[in-house]
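Structural overview
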Amino acid sequence: MKEDFLKYQAQTSPYPLAMEVSHAKGSYIDDTNGKKYLDFVAGVSACSLGHQHPRVNQAIKDQLDKYSHVMVYGEYAQNPAVEFCKLLAHYMPEPLKKTYLVNSGTEATEGALKLARRVTGRSQFISCHNAYHGNTMGSMSVMGFEERKQAFRPLLPDVDFITFNNGEDIAKITTKTAAIILESIQGGAGFIQPENGFLTKVKERCEEVGALLIIDEIQPGFGRTGKLFGFENYNVIPDVVIMGKGMGGGMPVGAFTAKSEYMDLLSDNPKLGHITTFGGHPVIAAACLATLREITATDLISQTLVKEKLFRELLVHPVIKEVRGKGLMLAAMVETPEITNEVIFKCQDKGLILFWLLFEGRAIRITPPLTISEEEIKEGCAIILEALEEIYYKK
């Protein structure tokens, strides 16, 4: 399978891990050789409830027995999508009550950018250095990492960048700005949290000049940071929220939410202002609904902070300089990207899945399922410490 994988399936890097997957359940993935791996990555924060969660699986199976795709998004009322959007509205702060369902996080970003231009009649977007909001052309335009963008230029014009947590840069938001787009916790940059009321100050500036604040919750969202959404930790209510990854329980999905008056603008003048064939797909929406119900009806969200504390207590070693992030969105920081690589490869050999961050080479991603147990955390951290000891003494 590995040979065919490399020959017939387009790759994203020259050296993919190429694990040959047999099956997965709970916090573990098994390869075709019968080796079991503890998963500290959760499909890059997508598998919020682990693998093969029984309630998500049952919701998918039940919906398949009723109907799958029947009509393009927005024409027919389909119960899973309606119920999901209704429940999401219940948990969103006012006035964020209407949701557009799409197929991925980057498509949600594209829709949010279009909405901001439609609402404000302005063209300029502001993003942050080292920001990541997806990889389609509009999303790439607000990516703050030139090395990944240069080969695909020209991108969207009229995009400017500021530094996350730099209060002075907020003045760049002006009456020409349609929106500023920010991650509630910067992901690819190294799991950097807002400081000194940064998000609140940005929101105040947006209100002064009539710009929108778009908050990207694709990685922090759906319980990973001790709140349902990361922005709830920082005393701010955005104008538009972008979602993806963890909302689908491992299924491909995205969404953006805003107040009804804004979202209604996409349906007229022009009509079909944003369209998608498979957005709100009933099987996917059923998985989303089951995932949201499970996350909000249990103590999983509050437990992320308990589990974070355990990770921080266990991951103490001279090679680890700090542990960044919040809840179960953590990054163990080491001195060099070479150490990161060595740790990730050693741990995979020992049966633990870790991963990289997009732009910060010194970071080791630790984003396990919210359902991970304390015993599994101890098991995985023991493997990390064993790998670190081998590296430390080699030095």
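Let me begin by describing the structure that accompanies this report.

The rules behind these values
Residues numbered from 1 in each chain as written. Predicted model: local features only at pLDDT ≥ 70, side-chain atom pairs only at ≥ 80, totals over all residues. Heavy atoms only, no water. Core = buried A, V, L, I, M, F, W, Y, C linked by side-chain atoms within 4.5 Å. Buried < 20%, exposed > 50% of the residue type's maximum accessible area, 1.4 Å probe, protein only. Contact = heavy atoms within 4.5 Å. Pairing = 2+ DSSP bridges. Helix = DSSP H or I, 4+ residues; strand = E, 2+ residues; numbered from the N terminus. Disulfide = S-S within 2.5 Å.

Once that is clear, we can look at the nonpolar core. Membership of the largest hydrophobic core comes to 89 residues, with the highest contact counts inside it found for Phe84, Phe222 and Leu354. Aside from chain neighbours lying at most four places away, what touches Leu354 is Phe40, Val41, Val343, Ile344, Cys347, Ile364, Arg365, Ile366 and Ile384. Counting residues in each nonpolar core, the second largest holds 22 residues, with Val102, Ala108, Ala179 and Ile214 among its members.

As judged from the 4 bridges shared by strand β1 (residues 21-25) and strand β2 (residues 28-31), these two strands associate in the antiparallel manner. In the sheet register, Lys25 faces β2, and the bridge partner there is Tyr28. Joining the antiparallel neighbours β1 and β2 is a turn of 2 residues, in which Gly26 adopts a positive phi near 65°.

Our focus in this paragraph is the environment of Val236. Checked against the element boundaries, Val236 lands in the loop between β8 (212-216) and β9 (240-243). Note on Val236: relative accessible area 7%, which makes it buried. Separated by 34 residues in sequence, Val236 and Val202 place their C-alpha atoms 9.3 Å apart. If sequence neighbours within four positions are ignored, Val236 has contacts with Leu199, Thr200, Lys203, Leu213 and Phe231.

A few words on the state of the cysteines. Simply put, the disulfide is a covalent bond whose two ends are the sulfur atoms of two cysteines. Under the criterion given, the structure shown has 0 disulfides. As a non-bridged cysteine, Cys85 has Cys288 as the owner of its nearest cysteine sulfur, 9.1 Å distant. When its relative accessible area of 17% is taken as the criterion, Cys85 is described as buried. We note that Cys206 lacks a disulfide partner, and the nearest cysteine sulfur, in Cys128, lies 11 Å from it. Of the residues examined, Cys206 reaches a relative accessible area of 1% and is grouped as buried.

Scope: geometric values only; no functional claims are made or implied.
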